[in-house]
Amino acid sequence: MLNPRVILTVDTEPSIAGALKDPARYSPLLEQPVWGEVNGRSEALGFITETLCRFDLAATFFVETVHTGYFGETAMAPYVRHLVDKHQDVQLHIHPVWLNLLRDSPFGDRTFNDDSAALPEHELSELLKQGIEQIQRWTGQRPVALRTGNFDASSSVYRAMRQAGLELSSNLCGSGRTYAETALNRSGGICQVEGITELPVTCFSDQGPVGKGRLRAAQITACSAAELINLLEQCASQQVDTVVLVTHPFEFIKKSSFRYDDLRPNRLVQSRLIKLCQFLSHNRDRFEVCTFADIARQDRCSESPPPQLDGSVLHSIYRALQNVINDHL
């Protein structure tokens, strides 16, 4: 019997921070949402890598690249070097909305939303190729996987990925959105889309009282540590092949405004990551923590159905209380 593979994923990106609505007043931010330094210590990206290294674990960091048209290549470079130095996996992430802020835009007055599927295939393919080259310049390694911003997806996105030379993706998340193409509405498992191996974010059925019956993503800020561990236990008992969890560096800090003022650690979310990593470290004989780079080197990528996972009423009540207290204290 094969142990479930657990992939921790971290979407690493700057914030537009009001620059589209009021460019004369606001400019985008990168250091604050990515590094999140408080009193000389990174409570965001640095905290995540410190915790992973403490438990000898590696995660996949999907690093956004379209922002380089505004910030240039050097702004994100030290954080990517930090990830490489910490032996973490770096893959490609894109938010097309950054095309609105290009310093030298070839698009004139054309405006863009944040949907990758809204771009013509040839433009998306070119954007992905540029992102691949950027990741390779930063890391010395060609990325093999993509996560689209806001989990936007369509068949055209996967065709553009194939044209760009990518192999793997984690573009789908059944929590909070419904895809126009029925086959893309998945809550986990592994599937093939237009020649790309897709590993959706793992979701489970929330048992309420808030959100009862809805799918909830295995996201560290959205679930208590007990819920995440319960989810993993269910995956082990059901012999689920692969579990994909998601988070962002900015979820590990608190701020008083969208401009990232008055930064402070988000101790609740930080404690959830510690407990999750501690559980995975203590159960290496039952779970295989791996990255998308590892997946690309393995033969174990056959299609598998989404698991049928349920939350716990008690866990959901506890999580809701945790979040209310954390938001107000």
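Residues numbered from 1 in each chain as written. Predicted model: local features only at pLDDT ≥ 70, side-chain atom pairs only at ≥ 80, totals over all residues. Heavy atoms only, no water.

## Some words on the packing of helix H5 (residues 121-139) against helix H6 (residues 155-164)
Our working definition: Axes here mean lines fitted to C-alpha atoms, for a helix over just the part in contact, with angles spanning 0 to 180 degrees between N-to-C directions. Each helix is a run of DSSP H or I of at least 4 residues and each strand a run of E of at least 2, with the numbering of both proceeding from the N terminus. Should an angle fall under 35 degrees it is taken as roughly parallel, and over 145 as roughly antiparallel, whereas 65 to 115 is taken as roughly perpendicular and any remaining angle as oblique. By definition, any crossing whose near helix is turned counterclockwise from its far helix by less than a right angle is left-handed, and any crossing with a clockwise turn is right-handed. Throughout, a contact is declared for two residues whenever any of their heavy atoms are within 4.5 Å. Any residue that is not Ala, Val, Leu, Ile, Met, Phe, Trp, Tyr, Cys, Pro, Asp, Glu, Lys or Arg is counted as polar, Gly included; the first ten are nonpolar and the last four charged.
Contact pair H5 / H6: the axes reach a minimum separation of 8 Å and the direction vectors enclose 50°. By the angle between their axes, H5 is oblique relative to H6. Every pair of crossing elements has a handedness; the one defined by H5 and H6 is right-handed. Residue-level inspection shows Glu121, Leu124, Ser125, Leu128, Lys129 and Ile132 of H5 in contact with H6, the latter providing Ser156, Val157, Arg159, Ala160, Met161, Gln163 and Ala164. Of the residues belonging to the contact of H5 with H6, the class tally is seven nonpolar, three polar and three charged.

## Points about the layout of surface pockets
If a probe as big as a water molecule is rolled over the atoms, it shows which places are left empty. The cut-off we apply is this: The method works on a 1 Å grid over the protein atoms by themselves. A cavity is a set of points holding a 1.4 Å probe that cannot get out, a pocket is an open set with protein on both sides within 12 Å along at least five of seven lines, and residues with an atom within 4 Å of a point line them. Grid points are joined across faces, edges and corners, and a volume is the space filled by probe spheres set on the points.
Empty space within the largest pocket amounts to approximately 380 Å³. Around the largest pocket, the lining is made up of 19 residues, and of these Thr68, Leu99, Leu102, Leu127 and Gln130 lie nearest the centre. Every element with two or more residues in the lining of the largest pocket is listed here: helix H3 (68-71) and H5. Looking at which element gives the most residues to the lining of the largest pocket, the answer is H5, with eight residues. Here the lining of the largest pocket is composed, by residue class, of seven nonpolar, six polar and six charged. In this structure, the second largest pocket occupies an estimated 250 Å³ of space. For the lining of the second largest pocket, the secondary-structure elements that each account for two or more residues are strand E5 (89-94), H5 and helix H9 (292-297). In terms of residue class, the lining of the second largest pocket is built from seven nonpolar, four polar and three charged.

## A closer look at the pattern of salt bridges
Which entries qualify depends on this criterion: In what follows, salt bridge is the name for a side-chain nitrogen of Lys or Arg lying within 4 Å of a carboxyl oxygen of Asp or Glu. A 1.4 Å probe rolled over the protein chains alone gives each residue an accessible area, and that area as a share of the maximum for its type sets the label: buried under 20%, exposed over 50%, partly exposed in between.
If you walk through the whole model with that rule in mind, you get 15 salt bridges. In this structure, aspartate 11 engages arginine 147 in a salt bridge whose closest nitrogen and oxygen atoms are separated by 2.9 Å. Of the two residues, aspartate 11 sits in strand E1 (residues 5-12) while arginine 147 sits in strand E6 (residues 145-148), which places them 136 residues apart along the sequence. Arginine 147 shares its class with aspartate 11; the two are buried. In this structure, the salt-bridge partner of glutamate 233 is arginine 286, at a minimum N-O distance of 2.5 Å.

## Notes on the packing of aromatic side chains
Remark: the centre distance and the inter-plane angle together describe each pair of aromatic rings, the angle taken between the planes. We apply this condition: Under the pairing criterion, centres of Phe, Tyr and Trp rings, with the six-membered ring standing for Trp, must be within 6.5 Å; the plane angle then separates stacked pairs below 30 degrees from edge-to-face pairs above 60, leaving the rest tilted. Counted as over-ring charges are cases with an Arg CZ or a Lys NZ within 6 Å of the ring centre that also lie within 35 degrees of the ring normal.
Inspection of the entire model under this criterion finds eight aromatic pairs. Measuring from centroid to centroid gives 6.0 Å for phenylalanine 47 and phenylalanine 252, while their planes differ by 40°, and the two rings are tilted. One end of the pair, phenylalanine 47, is in helix H2 (residues 45-54); the other, phenylalanine 252, is in the loop between strand E12 (242-247) and strand E13 (253-254), and 205 residues separate them in sequence. Seen from their ring centres, tyrosine 70 and tryptophan 98 are 6.5 Å apart, and the 40° between their planes marks the pair as tilted. Separated by 28 residues along the polypeptide, tyrosine 70 in helix H3 and tryptophan 98 in the loop between E5 and H5 bring together distant segments of the chain. Residue tyrosine 70 is classed as buried on the basis of its relative accessible area of 17%. Through successive ring pairs, a cluster of aromatic residues spans Tyr70, Phe71 and Trp98. Just above the ring of tyrosine 70 sits the side chain of arginine 103; from NZ or CZ to the centre is 4.0 Å. The positively charged end of lysine 255 is found above the aromatic ring belonging to tyrosine 260, 4.8 Å away from the centroid.

## With respect to the pairing of E6
As a reminder of what qualifies: Strands are treated as partners if at least two bridges between them are detected by DSSP.
Burial along E6 is two-sided: the face carrying Ala145 and Arg147 and the face carrying Leu146 and Thr148 are both buried. Both E5 and E6 contribute to a ladder of three bridges, which runs parallel. Bridge pairing links histidine 93 to arginine 147 in E6. Note that E6 and strand E7 (residues 168-169) share two bridges and pair parallel. The residue of E7 that forms the bridge with alanine 145 is leucine 168.

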